[in-house]
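Summary of structural features
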Amino acid sequence: MHAAYLKPVEPSEAAIRLRPADRRFGPEPIRRRIRQGQPLFHEGDHAEYVYRIVSGVVRLTRMQQDGRRQVISFGFPGDLVGLPDDDRHTTECEAITACDVVAHRCPHPTGSDRNPEMQRFLMDAALQEIRALQDHFLLLGRRLALEKTAAFLVLLLDRLSEPLGKCRAIRLPMNRTDIADYLGLTPETVSRSFTELRGRRALALDDANTVIVLDPAQLSAIAEGGAEA
């Protein structure tokens, strides 16, 4: 298999068009294009906006007291990031690919700019964020590094994969260190887990950043601890 068989994904003006729903949430939303490596906001910044990811992937991180980085989550197309706590962003957010986003101004909780549809929109987003954090907590609690890695790939299979013949291909926007900091592992352990999953014929690597999922059922079984380790 070769990466050339995969259709290249290029940002387009059409990708950043506003949805009809975007215009219902108060002041005119702002369309932004973010370069790879560019921060969208910093931990502790005053939260003027929340951001809907239209295309691309962002990484949300926090620094632990000992200086180690923890990847809290990744923001994929369709996700809303930047929900504030006490009017402040609680994470660092950086684009790990070129991204198109739509920025919605945060309404003041007691101000005259409150909009019922915007409030429902933010509430739904907050509930989705809670569910994602619960899933992340369960993932971190898995016993084996192989299970954690498989579970992460199952997540990407649902969010980022594209068909490639009878298989599914995942372009990894994040590197092994990002994955390790998300899973609570080391990059070396993540690499060993990829090698073991290849050995089990659950996946193949087209290149360092393209995973071909050969057997989604086996991958899910490993993620759930149902396959022999």
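Notes on the structure in this doc start here. (Residues numbered from 1 in each chain as written. Predicted model: local features only at pLDDT ≥ 70, side-chain atom pairs only at ≥ 80, totals over all residues. Heavy atoms only, no water.)

This paragraph deals with the packing of aromatic side chains. In total, this model carries 6 aromatic pairs according to the counting rule given. Ring centres of tyrosine 49 and tyrosine 51 lie 6.3 Å apart, and the angle between their planes is 45 degrees; this geometry places the pair in the tilted category. Judged by its relative accessible area of 16%, tyrosine 49 is buried. Summarising the aromatic geometry, the rings of phenylalanine 74 and tyrosine 182 are spaced 5.3 Å apart at their centres and angled 50 degrees between planes, so their arrangement reads as tilted. (Phe/Tyr/Trp six-rings, centres within 6.5 Å; stacked < 30°, edge-to-face > 60°. Buried < 20%, exposed > 50% of the residue type's maximum accessible area, 1.4 Å probe, protein only.)

Here we take up the pairing of strand β10 (residues 167-171). Two elements, strand β9 (residues 162-164) and β10, share 3 bridges in a ladder whose sense is antiparallel. Looking across to β10, one finds that proline 163 is bridged to arginine 168. The antiparallel hairpin formed by β9 and β10 contains 2 residues in its connecting segment, where glycine 165 sits at a positive phi of about 65 degrees. Where β10 lies against strand β12 (residues 210-213), 4 bridges are found, and the strand directions are antiparallel. When the sheet's bridge partners are listed, alanine 169 is paired in β12 with isoleucine 212. (Pairing = 2+ DSSP bridges. Helix = DSSP H or I, 4+ residues; strand = E, 2+ residues; numbered from the N terminus.)

A few words on a nonpolar patch on the surface. Taken together, the side chains of Met123, Leu127 and Ile130 present a nonpolar region at the surface, about 270 Å² in accessible area. As for its position among the elements, methionine 123 is in helix α1 (residues 116-140). (Patch = residues over 30% accessible without salt bridge, like charges linked within 9 Å, V, L, I, M, F, W, Y side chains within 5 Å. Areas by Shrake-Rupley, 256 points an atom, 1.4 Å probe, with all protein chains shown as cover. Salt bridge = Lys/Arg side-chain N within 4 Å of Asp/Glu carboxyl O.)

Here we come to the layout of surface pockets. Estimated volume of the largest pocket: approximately 880 Å³. Considering the residues around the largest pocket, the lining is formed by 36 residues, among which Ser73, Gln128, Glu129, Ala132 and Leu133 are closest to the centre. Listing elements by their share of the lining of the largest pocket, those giving two or more residues are β4 (58-63), β5 (69-75), β6 (80-81), α1, α2 (145-159) and α5 (216-223). If one sorts the elements of the lining of the largest pocket by residue count, α1 sits on top with 10 residues. (1 Å grid on protein atoms, 1.4 Å probe; cavity = no way out; pocket = protein on both sides within 12 Å on 5 of 7 lines; lining within 4 Å. Points joined across faces, edges and corners; volume = space filled by probe spheres on them.)

This model, assessed by the stated rule, comprises 0 disulfides. Considering cysteine sulfurs only, cysteine 99 is the nearest to cysteine 93, which forms no disulfide, with 7.9 Å between them. (Disulfide = S-S within 2.5 Å.)

This part covers α5. All buried positions along α5 are accounted for by Leu219, Ile222 and Ala223. Viewed along the axis of α5, the buried residues span an arc of 100 degrees, placing them on a single side of the element. Considering only its buried residues, α5 is in contact with α2, α4 (187-199) and β12. Residue glycine 225 follows α5 closely and has a positive phi angle near 75 degrees. (Arc of directions from axis to C-beta. Contact = heavy atoms within 4.5 Å.)

Right, let's talk about the sheet that holds strand β1 (residues 30-34) for a bit. Each strand in a sheet pairs with its neighbour through backbone hydrogen bonds, running either in the same direction (parallel) or in the opposite one (antiparallel). Taken in spatial order, the 4 strands make up an open sheet running β1-β8-β3-β6, and their pairing is antiparallel. Here the strands that pair on one side only, and so sit at the sheet edges, are β1 and β6. Bridge analysis of strand β3 (residues 49-55) against strand β8 (residues 99-105) gives 6 bridges, and the strand direction is antiparallel. Directly across from serine 55, in β8, lies its bridge partner aspartate 100.

Phe74, Phe152, Leu172, Met174, Leu197 and Leu219 are the most contacted members of the largest nonpolar core, which totals 32 residues. At the level of secondary structure, the elements contributing two or more residues to this core comprise β5, α2, α3 (176-183), α4, β12 and α5. Sort the elements by how many residues they give to this core and α2 lands first, with 8 residues. The residues contacting phenylalanine 152, other than those within four sequence positions of it, are Phe74, Leu139, Met174, Ile179, Tyr182 and Leu183. Among the nonpolar cores identified, the runner-up in size contains 14 residues, and Leu40, Phe41, Ile53 and Val101 belong to it. (Core = buried A, V, L, I, M, F, W, Y, C linked by side-chain atoms within 4.5 Å.)

Taking 1.5 Å per residue as the helical rise, α4 with its 13 residues ought to reach 18 Å, and the 18 Å between its terminal C-alpha atoms agrees with that figure. Those residues of α4 that sit buried are Thr189, Val190, Ser193, Phe194 and Leu197. In an axial view of α4, the angular spread of the buried residues amounts to 145 degrees, which keeps them on one side of the axis. Away from the buried face of α4 by more than 90 degrees, exposed residues Arg192, Thr195 and Gly199 are located. On its buried face, α4 sits against α2, α3, β11 (203-207), β12 and α5. (Expected span 1.5 Å × (residues − 1).)

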